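Residue-level structure breakdown
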Amino acid sequence: MVNVTIDGIKVSVPNGSTILQAAKEVGIKVPTLCYHPDQAVKANCRVCVCEVEGNRLLQAACSQPVFEGMVVKTKTPKVIEARKTILELILSHHPQDCLNCIRNGNCELQDLSAEYIIRDNPFELKVRGLEKDLSTPAIFRDPDKCVLCRRCIDACTVIQSVSALGVEKRGCESMVVPTMGGNLIDSPCVMCGQCVHACPVGAIGEIEDIDKLMAAIADPDTIVVTQIAPAVRLALGEEIGMATGDLPMEVFVAGLRHLGFDYVLHTNFTADLTILEEGNELLQRLTTGGTLPMFTSCSPGWINFCETYYPDLLDNLSTCKSPQQMFGSLVKTYWADKMNIEPQKVVSVSIMPCTAKKFEAARPEMNSSGYQDVDIVLTTREIGKLFRMSGLDFSRLEPSPFDSWMGAYTGAAVIFGATGGVMEAALRTVYEVVTKKELTDVNFTFARGFEGIKEAEIDLDGTKVKVAIAHTLSNARKLMDQVRAGESPYHFIEIMACPGGCIGGGGQPITKANVKRIERIGAIYDEDASLPLRKSHDNPEVKVLYDEFLHEPLGHKSHELLHTHYHAKNKKCL
Amino acid sequence: MAEEMRIVLRNYGKIDPLKIDDYISLGGYNALKKACATDKTALIDDIKKSNLRGRGGAGFNCGMKWSFAAMAQADQKYVVCNADEGEPGTYKDRLIMENDPQTLLEGMAICAYAIGATKGYIYCRGEYPQVVKILNTAIAQAKEKGVLGDFDIEVRMGAGAYVCGEETALIESLEGNRGEPRYKPPYPPAQGLWQKPTIVNNVETFAAIPVIVEKGGEWFASIGAPSYPGTKVLTLTGDINNRTFFEVPTNTTIREVIYKLGGGIPSGKKFKAVQIGGTSGAFIPESQLDTPIAFDAMTAIDAALGSGAVFVLDETRDLVDVTTQIAKFFEHESCGKCAPCREGTMRMFDLMEKINDGEGSAQDVALLNKLGRVMSYSCLCGLGQAAPAPVLSTIKHFPADYNAKFA
Ligand SMILES: Cc1cc2nc3c(=O)[nH]c(=O)nc-3n(C[C@H](O)[C@H](O)[C@H](O)COP(=O)(O)O)c2cc1C
Ligand code: SF4
Ligand code: SF4
Ligand code: SF4
Ligand code: FES
């Protein structure tokens, strides 16, 4: 432990603590901009500078370790002048565009500007006039707003090992750009949206499809049907001023009806369906000498990554479409038929925790219903914005159940939202299919939690199956390199592109810290435990779907509607 | 006083730099032998006793630096020579490397022994291809003679950016990354090249080592200014009669350098200002010319000894114009990593240009003062911290030049 004095307050902190951590310990918040709690220290914005006794230079609180007897002052006139001047420098080289900005009201730079009472900026306003990058259907870049904190680069390179972003040029001409030149679409970007979470400002964000939705709702000739992904509800509360997990499902549904959706269904339905298809695919591969290990295929960021960096392993990918796309192809076939609705009138919307889903929906492979299977993908953040615009008081909304068909789900589908959830859900079903015995304890706890890579050996009545789970693409890369080298001991591997799985998806409420993601994971398993049905094959509507329409897992209809193949992207990478 | 004293340039003109035997015949590599026969701690203690401080600009105690790397536990340590010499008007490192390359190698080898390193790099300015050739020849000869033992030295060409002279940017560049400084601590002696303990010293610093080892720390400590003992190589440019180099004890005053060694100002013109230490040096007025060219004495007048470049300006020079050109240099050389330097150097040039073009006001000067002050203690590295010095010092000492622009 080291004894230090911060603004006159004495405190003892662990060796190696920074001034920032020590100050937090005594309840003093030092302002930061480039600092990110889950990333390496960058120390490039200098907004956190403090005075250290005996030192002429100010020290960056985020990088400066404390030492025994250190005396720190966090808000002397010298410090305030420095922070204010640095903010003025940044702000005078930044579009004064808050009113039109995607991060209006949720921007670290805006907050700092308010906290430091920036009024008459003495520096002349200069905007760089760089072009917006609207090349992808999922993520935009607005380089004029970039404050060059480099948090996005860290997210993309360290967490995701995609390395789609880097710094180009020097001095005041420095820019964060796609690494292979050109636009984001030309880069190895997988559209996971983790850079969006990392960005403190509005320099990277999701392409918003709110206007498209409003137009569809306004059109009297369309039937607007939506599906909701499992991870959305938990985090949506955060967008509308509630605690994580506190927005009840049926209140959420009621809210959507107020917005004008004609039918509200659940992606959980096709999550259960995915388990039946994927579980049987695994068994088929195990028994017929198919390509192993089999990889899950529900995370579109991961699919993009596999196509870009591991095209030689595409045969290992499960041929199952993601739950979103299974839903899309069923809604314009089976469901429309059952509901007696002309499929061309259906506008199929999905509400997703994910930015890559926007890209996935637009893939040419995804029109097996004869139409584009999913027309509009909205992120949790976008639906949050619509809810705020709606003026609804959620505490007074009358709860409303999901529509049927394709609204029913089990706990197994709910846990799809967390890393390890697909694995656990699959095991609940595969176990019963293989052993023909009832699974008394459905909890596969090895699969839970935030650890980067988890693994286990499962005994299916004598058949031993080795499984592994990874979240974030840098962890996926470790497992993939093993497979590529022919050294993988596994039969089945679950990969989720985002930290924590979908609860940490690129479309979720902006979250800087993994602690928030861990909180959401907790809420997921609470919901699972609270449900009467917790195995996908127990979903009554899925049973009906097989009886009436699909007839059997991996059958002819399934292949037509629920399975697909992916292709090498042949992109230049670092 | 005001006499030359050659320590680091002791062999200048006396040997053929391409012949190691010449160097050895003048006692070369005796110091390394002596060092290797000395206990490492005692060796570093003697360097500490010499009070030799870095000649690359930051003036850190050399023996102290070595002791940190010596104490660090690691499977690999590195010795890096900073020969980036990017400071316009400076060529002292080139003088040493061109004329006595073995001295540098010997100094590095002594360091390697002291800290326990087996690998060294010389990061040589990209514009010195000639020097690289000489160094490579010298290394080949030293290897052939076996004088370096198991210590291996490699020469790397610099990337051409001014900031790559900053030791951590240099390390990044050596690692093949974008040349940008790291935050400190950790300092290189703890975590440097590839995160291993690394000593980065300037060419002139290493060149002093063999003599110190040979004659003893106490001897060195008795030369020049006590707090920054030894000699300093100065390179004189600008409006001065003897535009050449001198090696002088560090208690020599600026006035002596300009008027005695430098021979004064040409064509009978009057002295106006002198900028010492390179582009980021402060402009010093007549009234401060009796300051010795020692590190702390210079710091005391808000100036810096830096690389030892001495740029003299006569009465006809427009300091606002000169400073504007310097501001442009820094706008161009900022690496762009940290906000106050990236944005600040750009604003500094804008404001200086505005004033220089006769469109400025006293308010702009006040803003420059604030901006410069903030940069000097907020920027991540020495470049941004020192970039405002020319602006701040001219505003302080030569207000008339600014006022003349407001007419
Ligand atoms: C912008 C900048 C440029 C520098 N350029 C050089 C250089 O060209 N040569 C040099 O030896 N030191 C240079 N330095 C100083 C180095 O960072 C470092 O302090 C020095 O190499 C340490 O060696 P010394 O202790 O022997 O002086 C520079 C520092 C800064 C901030
Ligand atoms: S990024 Fe932040 S400060 Fe910049 S315009 Fe958007 S809201 Fe405003
Ligand atoms: S895009 Fe955002 S996260 Fe990336 S460097 Fe710019 S401001 Fe930082
Ligand atoms: S002070 Fe300038 S050169 Fe140094 S890190 Fe900051 S931007 Fe780069
Ligand atoms: S938060 Fe410390 S320098 Fe940016």
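Note that the coordinates shown come from a computational prediction; the quantities given were computed from them, not determined experimentally.

Definitions and cut-offs
Residues numbered from 1 in each chain as written. Chains lettered and ligands numbered in written order. Predicted model: local features only at pLDDT ≥ 70, side-chain atom pairs only at ≥ 80, totals over all residues. Heavy atoms only, no water. Core = buried A, V, L, I, M, F, W, Y, C linked by side-chain atoms within 4.5 Å. Buried < 20%, exposed > 50% of the residue type's maximum accessible area, 1.4 Å probe, protein only. Domains from an automatic or database assignment. Contact = heavy atoms within 4.5 Å. Buried area = accessible area lost by both parts, 1.4 Å probe. Salt bridge = Lys/Arg side-chain N within 4 Å of Asp/Glu carboxyl O. Polar contact = N/O pair within 3.5 Å; in protein donor to acceptor, adjacent residues only side chain to side chain. Axes fitted to C-alpha atoms, helices over the stretch in contact; angles between N-to-C directions. Helix = DSSP H or I, 4+ residues; strand = E, 2+ residues; numbered from the N terminus. Parallel < 35°, antiparallel > 145°, perpendicular 65-115°, else oblique. Left-handed = near helix turned anticlockwise from the far one by under 90°. Nonpolar A, V, L, I, M, F, W, Y, C, P; charged D, E, K, R; others polar. pLDDT = per-residue confidence, 0-100. Expected span 1.5 Å × (residues − 1). Near = heavy atom within 4 Å.

Side note on the nonpolar core
Counting 118 residues, the largest nonpolar core has Ile228, Phe252, Leu256, Phe261, Trp302 and Ile383 of chain A as its most contacted members. Both domain 2 (98–206) and domain 3 (216–562) of chain A contribute no fewer than three residues apiece to this core. In contact with Leu256 of chain A, other than residues within four places in its own chain, are Thr226, Ile228, Phe261, Val264, Ile351, Ile383 and Phe387 of chain A. By size, the runner-up hydrophobic cluster in this structure holds 60 residues, among which are Met108, Ala109, Ala112 and Val233 of chain B.

Section: the domain arrangement of chain B
All names here are of chain B. In terms of domains, chain B is made up of domain 1 (20–222), domain 2 (225–314) and domain 3 (319–403). On a C-alpha basis, the centres of domain 1 and domain 3 stand 33 Å from each other. In this assembly, eleven residues from domain 1 lie in contact with eight residues from domain 3. Both faces combined, the contact of domain 1 with domain 3 buries some 780 Å², and carbon together with sulfur accounts for 71% of it. Contact with domain 3 buries area across many residues of domain 1, yet Tyr162, Val163 and Pro181 alone supply 56% of it, more than any other trio. Where domain 1 meets domain 3, there are zero salt bridges. There are three residue pairs in polar contact (both at pLDDT 80 or more) connecting domain 1 and domain 3.

Notes on the packing of helix 14 (residues 339–356) of chain B against helix 15 (residues 362–378) of chain B
For any two helices packed against each other, the geometry comes down to the angle between their axes and how far apart the axes lie. All names here are of chain B. With their axes 10 Å apart at the nearest point, helix 14 and helix 15 run at an angle of 155 degrees to one another. The orientation of helix 14 relative to helix 15 falls into the category roughly antiparallel. Our pair here, helix 14 against helix 15, has a crossing hand that is left-handed. Across the interface between the two elements, Pro340, Cys341, Gly344, Thr345, Arg347, Met348, Leu351, Met352, Lys354 and Ile355 from helix 14 touch Asp364, Val365, Leu367, Leu368, Leu371, Gly372, Met375 and Ser378 from helix 15. Its residues assigned to classes, the contact of helix 14 with helix 15 comprises eleven nonpolar, four polar and three charged.

Quick notes on the confidence of the model for chain B
Averaged over chain B, the pLDDT score is 97; the fraction of residues at 70 or greater is 100%. Predicted complex, confidence summary: ipTM 0.96, pTM 0.96.

Some points on helix 6 (residues 101–115) of chain B
Residue and element names in this part refer to chain B. For helix 6, spanning 15 residues, the distance from its first C-alpha to its last is 22 Å, which sits close to the expected 21 Å at 1.5 Å a residue. Along helix 6, 14 of the 15 residues are buried, which leaves the element largely enclosed by surrounding structure. Following helix 6 by one or two positions, Gly116 has its phi on the positive side, about 85 degrees.

A few points about the site of ligand 2
Taken together, the neighbourhood of ligand 2 is formed by His94, Pro95, Asp97, Cys98, Cys101, Arg103, Asn104, Cys107, Gln110, Lys145, Val201 and Gly202 of chain A. Of the residues contributing to the shell around ligand 2, the split by class is five nonpolar, four polar and three charged.

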